[in-house]
Amino acid sequence: MEHLLIRGKRPLVGEVSISGAKNAVVAIIPAAIIADGVSIIDNLPAIEDVKCLQDSLTKLGAVCQLIDEGTLMVDSSALNNFNATFNSVRRIRASYYLMGALLARFKQAKVALPGGCNFGTRPIDLHLKAFRALGAEVDEDYENGIISLKADKLVGTNIFLDTVSVGATINIMLAATLAEGVTVIENAAKEPHIVDTANFLNMMGARIRGAGTDVIRITGVKELHGAEYMIIPDQIEAGTYMIAAAACGGHVCVKNIIPKHMDSLTTKLKEIGCRVIEGDDFVEIVSEGRLKSTKIKTMAYPGFPTDLHPQMAAGLSKADGVSILTETVWENRFQYINELRKFGCDIMVDGRVAAIHGIEELHGAEVMATDLRAGAAMIIAGLTADGITKIGNVRFIDRGYEKIEYKLKALGADIKRVKE
Ligand code: EPZ
């Protein structure tokens, strides 16, 4: 087992370069198998979720290997298996994209129910309803945790998503690329990783218009070919470092990002007293003195991302006043609050609302990462706390953050990874 050791209360100063977006790459790697050919995917983050998908694609018969640091080659010409029911599939939620990709390629798929962060039921009913609307028969075997899909053909249709869903939006795009006719997704999610996936599919010969808006039109084509593509920078990794800089105090330049993607967070950081300087591909955060409290409500993009909510809660733990944080996307994302309380944080939770009463000082604590972003929140709390913090379950953090201790050390943090 590994853990992170942090000696807190040091300002963060310097530059941090952001890696490729986890939630884009975990859709783009499965998308590559729709083509009967070779794709080259660049700006790949070195994170566990990518390794997990590489393992799954290899087991399906694709050649999926790093040809350079951060560059993955996927050759799916020899793909011969639509049965994705092995363990690597069960490990991450993004495995559900194999349903849409295999259905497009083979008109059938058997996929193990996905795993992933545990903050609520995390249903996939919208995905399955959409596949049925496209003409697939879907068998849901919850006893064995396997979803089986089969279609003589997929026919484009209009799909209105009851809930704005990133996963369902992308999965429908994947399945509809080779369907007959036009598929229209209404009430589609608009996250940057949806646009990135659509751009990659279009480079492969798909005809997708409107990604990034709430109406996406996919006109089915006969086949897709391999493509070369560079993943966009990770909006959530960038936001995590921006919040860490705000919470620790100092002056940090977060570079290799798309500042537009950060607007909801940038606005909040200015509100709580940070100075924010925006460039073409960087944002500088200058944080001096005590932060002010604020109100946060997580929303689908372009609203405040739910995936930055735990980090923001940690960052506001010493702010002056009471901050109110409302989580509208996930019904049970506050499990990490009990870990934050071990630092002395004064936080009340009622349903989907947390009241964070800023205190003068956090003290170091021994905590566990309860999920990926909760792990990032523990790191931010440890960086601002007086004393030593030990964080367990580092494997959760490694799922979505490339070399996080190295990047923080380069900013002046006293942090190291220890093998027990
Ligand atoms: C994606 O999850 C991200 N994961 C999550 O990030 C992120 O929190 C979430 O989008 C929201 O932005 C990946 O991209 C791999 P949803 P996803 O479908 O697709 C409900 C991280 O830390 N819903 O947009 O699973 C669902 O319960 C992870 O990187 C249904 O009801 O999220 C939720 O309330 C954590 N039925 C809401 O929609 C469905 O079929 C949004 O979920 C699907 C979703």
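Note that this is a predicted model, so its numbers are computed, not measured.

A. How the structure looks around unusual backbone geometry. With an omega of 10 degrees, the peptide bond between Y301 and P302 qualifies as cis. The topology assignment puts P302 in the loop between β18 (295–297) and α10 (309–315). The phi dihedral of K9 is positive, around 65 degrees, even though this residue is not glycine. Tracing the backbone shows K9 in the loop between β1 (2–7) and β2 (12–17). On the accessibility criterion, K9 (45% relative accessible area) is partly exposed. In the Ramachandran plot, N393 falls in the positive-phi region, its phi being about 60 degrees despite a non-glycine side chain. By secondary structure assignment, the location of N393 is in the loop between β23 (388–392) and α13 (394–398). We classify N393 as buried; its relative accessible area is 14%.

B. Local environment of the pattern of salt bridges. Inspection of the entire model under this criterion finds 26 salt bridges. The shortest N-O distance in the salt bridge between D414 and R7 comes to 3.4 Å. Of this pair, D414 sits in strand β24 (residues 414–419) while R7 sits in strand β1, placing them 407 residues apart in sequence. Connected through shared salt-bridge partners, E2, D398, E405, R417 and K419 make up one network.

C. Summary view of the site of the ligand. Taken together, 24 residues lie near the ligand, and R93, D125, S165, D307 and V329 sit nearest. Within the side chain of D125, a nitrogen or oxygen atom sits 2.7 Å from a nitrogen atom of the ligand. In the model, an oxygen atom of the ligand is placed 2.8 Å from a nitrogen or oxygen of the R373 side chain. For the ligand, whose unbound accessible area comes to 820 Å², protein coverage reaches 91%. When each cavity is represented as a set of grid points, the ligand is found to reside in the largest pocket.

D. How the structure looks around the sheet that holds β18. Reading across from one edge, β18-β19-β21-β20 is the order of the 4 strands in this open sheet, with mixed pairing throughout. With partners counted over all chains shown, the strands left at the sheet margins are β18 and β20 (346–350), one partner each. Strand-to-strand twist of the sheet, defined as the mean angle between neighbouring strand axes without regard to direction, takes the value 15 degrees. Direction of pairing for strand β19 (residues 322–326) relative to strand β21 (residues 353–357): antiparallel, over a ladder of 5 bridges. When the bridges of β21 are listed, T326 appears paired with V353.

E. Layout of the state of the cysteines. Per the stated rule, a full pass over the model turns up 0 disulfides. Take C64: it sits in no disulfide, and the sulfur closest to it among the cysteines is that of C52, at 11 Å. C248 takes part in no disulfide bond, and the closest cysteine sulfur to it belongs to C274, at a distance of 11 Å.

F. Expanded view of the domain arrangement of the protein chain. Segmenting the protein chain into domains produces domain 1 (2–19 + 233–419) and domain 2 (22–230). Using only C-alpha atoms to locate each centre, domain 1 and domain 2 end up separated by 30 Å. On the side of domain 2, 23 residues touch domain 1, which itself brings 23 residues to the contact. Of the roughly 1900 Å² buried at the junction of domain 1 and domain 2 (both faces included), carbon and sulfur atoms supply 54%. Taken together, domain 1 and domain 2 are joined by 2 salt bridges. R399 serves as the salt-bridge partner of D49, at 2.7 Å between the closest nitrogen and oxygen. Taken together, the connections running from domain 1 to domain 2 amount to 6 residue pairs in polar contact (both at pLDDT 80 or more).

G. Quick look at the packing of aromatic side chains. All chains considered together, the criterion is met by 4 aromatic pairs. Relative to Y97, the ring of Y96 lies with its centre 4.6 Å away and its plane at 75 degrees, an arrangement referred to as edge-to-face. Classification of Y97 as buried rests on a relative accessible area of 2%. Seen from the ring of F86, K59 lies directly overhead, with NZ or CZ sitting 5.8 Å from the centre. The cationic tip of R395 hangs over the ring face of F396; the distance from NZ or CZ to the ring centre is 4.8 Å.

Reading guide: rules and limits
Residues numbered from 1 in each chain as written. Predicted model: local features only at pLDDT ≥ 70, side-chain atom pairs only at ≥ 80, totals over all residues. Heavy atoms only, no water. Helix = DSSP H or I, 4+ residues; strand = E, 2+ residues; numbered from the N terminus. Buried < 20%, exposed > 50% of the residue type's maximum accessible area, 1.4 Å probe, protein only. Salt bridge = Lys/Arg side-chain N within 4 Å of Asp/Glu carboxyl O. Near = heavy atom within 4 Å. Polar contact = N/O pair within 3.5 Å; in protein donor to acceptor, adjacent residues only side chain to side chain. Areas by Shrake-Rupley, 256 points an atom, 1.4 Å probe, with all protein chains shown as cover. 1 Å grid on protein atoms, 1.4 Å probe; cavity = no way out; pocket = protein on both sides within 12 Å on 5 of 7 lines; lining within 4 Å. Sits in = over half its atoms within 2 Å of the grid points. Pairing = 2+ DSSP bridges. Axes fitted to C-alpha atoms, helices over the stretch in contact; angles between N-to-C directions. Disulfide = S-S within 2.5 Å. Domains from an automatic or database assignment. Contact = heavy atoms within 4.5 Å. Buried area = accessible area lost by both parts, 1.4 Å probe. Phe/Tyr/Trp six-rings, centres within 6.5 Å; stacked < 30°, edge-to-face > 60°. Lys NZ or Arg CZ within 6 Å of the ring centre and 35° of its normal.

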